[in-house]
Every structure is written in C-alpha cells, then in structure tokens.
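Descriptive analysis of the structure
Residues per chain are reported as follows:
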Amino acid sequence: MKILPSLFPTINPVANKKVQTVLPNKSQGIDSVTKTAMASNPDYIPSKMFLSLLKTGLNGGKADVSLFKGRTTEDWVRMYNLGHQNAVTPILLEGLRKTPNIKVPKDVLENMEINEQYVKKYHMAQERALGDLIKISSAEGIDTVPIKGIGFSLNYPDPQKRFGGDIDIFNFKHGSDCSKPENNMSYIFDEICAKKGAKIDSSHPKHSEFKYRGIPIENHRHFVDVDSKFVKVPMAKEVDKYLMKVLNPTEKVLPMGTKVLVPSKEFDNVFLAFHSMTHFLLGGINFHHLADWSVQIKKNSLEIPKEFKKTPVETFMYAMTNLSNKYLGTNVKVPENKVLEDAIFNKILDPENKYSTNKIKKPTTNNPLKVLQYKYNVIKSEEMVKKTLLGNEAGSVTGALFRSLKSHILNPKSFKHVMRLYN
C-alpha cells in the first residue's frame, strides 16, 4: 500500500500516509492530466460517488447517501484516485463534510485531508510567487494579470481549495489599453525576469515559460494559440482579439492579503469555455475544467457575446453548461446538444475514447502496412467527428498526424509500438 504521488513533490509536506493505489496515476500538472483511469460508463459506482460529492462541494446541499452504502474499499480508492487525478479532492472533501452521515474508510479520509493541506500550501506558495512578480513588474511600470488559475480561484467559495498547476500571466504597460500590441509587455517582462536569473523558454509562440520560486510560470503573448499551424481550434484569432478587448482587470485580494488584478467576468466567460474546448479537441479535458465552468456560470450566469453567436464557441458553451446543470447542480437554461454533451462527458471519463472509431475494424495481425492504415483511419475518423461536432476548423488530419509524430519524437521508445497492435 502506498500514497498516490503528489502533483508537485518539491513542496509536498507529507509522505507517510498510506492508502491502497488500485489505479495508476502520474505526477503532473492540471493541463497535462489526460487519464481518469476508470470505466467509461457514467453509471459506474465510483464515478457516481465522485460526481455526487463534487456537486455538493461546489454548489451545496448534501450528497446522495445511498450511493455510499455498502461500498468496498476499492470503490473508495477508485473515487479517491479520480478526485486526485482531476485535482478536485478538496472539493470532494468539502462534499463529505456537508454530508456527515457518510462513513469514509480511515485511510482514504486521511489521504483526502493530506491532499487538501497540500493544495492549500501550494496555493499559498503560488500567492507568494505571484506577489513577488507583481512587485517586480510594478517597479517597471507594468501591470501583471493572472489569467485562470490562482486569479480565478477567487470565484470559489474557498480559493485555497482550488488547485492550479502553474501561474499564467499577462503583462501590459500600466494605465494603457492592453488590446493594443504596442502595450504588450510580455517580452520586456521576460527580459526583466532573465536578469533576475530566470531561465526563459521562448519556444512556444503563445507564451514563454520559466520558474519563479519553484512555481511554473507561463508569460502570455496571446491568451489563446493563434499561431499554431497544426493545432486547429475554431475561431482562435477572433477569441484572442475579443479577450484583449474585454480583459478590463479589477483589483481583488488573495487569501493571504496579496492585491492582484483579475480579468473581467466577460473575459472568464469566453476564455474558460475556449480553453476547455481546446482541451476537448486535443484530448485533455477533465472534471477540473467542468468545475471551473460550473463556478463561473453559477456566479455570473451566462451571456453569449454577439461576436460568438451561432459559432462553435456558443455551441460549446451551451454543452458545458448543460453538463454542469446535469452533474454539478447549476441551473442555467440553455439549448441542448446531446451528441456534443455526450462526446464531452465521455471524453472526460475516458480520454482514450475515440468517438465513433470503434466502428473501424482492427487488423487481425501485426502486418505493418495494415496497422498503419488502421491507425490512420482511426485518426481520420476522430478528426471527422470533431468537424461534425464543432465545424470544419475543429478537425485536422494533418495536424493530428503531426502531433502524433511529435509525441513519438519526444518519446523515441514509443516508436516500437507504431506498427504493432498486438504483443
């Protein structure tokens, strides 16, 4: 028996509590979580337990006690792993506290409490790092705005229960119109941080990356990926332009007293939806995204900007809203799109789900040509379904093949599996 590894072991305060790990998981940040390690059937008991507690933890009431009666230790561990891998364990624990007549196995409860304390300490570490960066930028006449992550956590009932893997920031000239390119201070801030010893990775056109006080930082040039030739997401340029226009940050205070500028509700409304849509199309959407969306629409309801009426962005907003209504207890009435909603939910539950590609017949042997043809057909089918769900811009066979090749290049050992289906 062993504890699940922490998301960021360098600041994990504990390593001695133990709970059986029935399912696999890896140390990684939120945006790279791609496996929920559970059956894809939404009626699967641990997933029902998970969703009932997540709903209660986010939006109040009490969990469905009947779901927890007679559950095995393995059921509880599977639910725990699902919460851990989606980085929402403190919310599940809050759900348990609101439903005190649920009996939790001691080891599972202890590890949930450890996870909660870790998330709180990591949030505190992020606040200290962000506070330092704000002081550094302010001294240079630059405003630093965190987008999503720690800034958005202020929308949660308890901000320190929302885990964020890295800190995404946007920098612009103090007192200026941030929508004008000449006021974007992203590159200047990179230079400032480099002079203070940060190792800047500028290989991605959307943002640079570096660490500050051990915390990963993404310093954005754009809010969304407008320059990629291979990752096709509908309306990226239009969304980025809109977000620049409505950033309109206001000052709020983080739990330890750090004053911080946070984006407008109009910004979060579009950014969170588009960010989740990107993860859906690239296979990495999870319950953390749905929880954020639920918090957003509960606090601010939902308004579709005129710029995105009758577009894939509106379609995706409605689908996420209906999923939040169905599973997390919000009540924002919007049109239904059951095909897209099911596709999103199945992708959250099972990131390896290939939409309708199970209809493609597998070759019965490891004949290399037949295996490659099969894998190409799977990719093509998945991209065609994306186009059906969200429009022509949502799918690209060329882009998908490029991402697959890039993944294999970064992990050369995986090449041995390219032309094999069977051991």
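Residues numbered from 1 in each chain as written. Predicted model: local features only at pLDDT ≥ 70, side-chain atom pairs only at ≥ 80, totals over all residues. Heavy atoms only, no water.

What about the packing of aromatic side chains?
Evaluated as defined, the whole model comprises 14 aromatic pairs. For the ring pair Phe68 and Trp76, a centre distance of 5.5 Å and an interplane angle of 35 degrees mean the geometry is tilted. On the basis of relative accessibility, which here comes to 6%, the residue Phe68 falls in the buried class. You can call Trp76 buried: its relative accessible area is 2%. (Phe/Tyr/Trp six-rings, centres within 6.5 Å; stacked < 30°, edge-to-face > 60°. Buried < 20%, exposed > 50% of the residue type's maximum accessible area, 1.4 Å probe, protein only.)

A short note on the nonpolar core
By size, the foremost hydrophobic cluster in this structure holds 82 residues, and its most contacted members are Phe223, Phe280 and Ile344. Those residues within four positions of Phe223 in sequence are excluded, and the remaining contacts are Ile147, Phe170, Lys206, Asp240, Leu243, Met244, Leu247, Phe267 and Phe271. Judged by nonpolar contacts, the second largest core, of 27 residues, contains Tyr122, Ile136, Ile167 and Cys193. (Core = buried A, V, L, I, M, F, W, Y, C linked by side-chain atoms within 4.5 Å. Contact = heavy atoms within 4.5 Å.)

Some details on the pairing of strand S1 (residues 142–147)
Strand residues, when the strand is regular, have side chains that alternate between the two faces of the sheet. The buried fraction of S1 amounts to six of the six residues, a majority that puts the element mostly inside the structure. Where burial is concerned, the two faces of S1 agree: the one with Ile142, Thr144 and Pro146 and the one with Asp143, Val145 and Ile147 are both buried. As judged from the six bridges shared by S1 and strand S2 (residues 167–173), these two strands associate in the antiparallel manner. Counted as the bridge partner of Thr144 is Asn171 from S2. (Helix = DSSP H or I, 4+ residues; strand = E, 2+ residues; numbered from the N terminus. Pairing = 2+ DSSP bridges.)

A word on the pairing of S2
With respect to burial, S2 is a largely interior element, six of its seven residues being buried. Summarising the sheet, S2 and strand S4 (residues 215–220) pair through four bridges and their orientation is parallel. If you follow Asp168 over to S4, its bridge partner there is Glu218.

Describing helix H2 (residues 73–85)
Taking 1.5 Å of rise per residue, the 13 residues of H2 would be expected to cover 18 Å, and the 18 Å separating its terminal C-alpha atoms lies within 8% of that figure. The element H2 is extensively covered by neighbouring structure, given that eleven of its 13 residues are classed as buried. Those residues of H2 not exposed but buried are Asp75, Trp76, Val77, Arg78, Met79, Tyr80, Asn81, Leu82, Gly83, His84 and Gln85. Summarising the contacts, the buried residues of H2 are in contact with helix H1 (45–59), helix H3 (89–97) and helix H4 (106–139). Downstream of H2 by one or two residues, Ala87 has phi in the positive range, about 55 degrees. (Expected span 1.5 Å × (residues − 1).)

Regarding the pattern of salt bridges
Taken as a whole, this structure holds 13 salt bridges when the rule is applied. In this structure, the salt-bridge partner of Glu74 is Arg78, at a minimum N-O distance of 3.1 Å. Highlighted residues: Glu74 and Arg78, both in helix H2, separated by four residues, approximately one helical turn. Among the residues examined, Glu74 registers a relative accessible area of 41% and is labelled partly exposed. Of the charged contacts, one joins Lys161 and Glu116 as a salt bridge, the two residues approaching to 2.7 Å between their closest N and O atoms. Of this pair, Lys161 sits in the loop between helix H5 (149–152) and S2 while Glu116 is found in helix H4, placing the two residues 45 residues apart along the sequence. The class for Lys161 is buried, based on a relative accessible area of 14%. By relative accessible area, Glu116 is classed as buried at 8%. When salt bridges that share partners are traced, they join Arg97, Glu116, Asp158 and Lys161 into one network. (Salt bridge = Lys/Arg side-chain N within 4 Å of Asp/Glu carboxyl O.)

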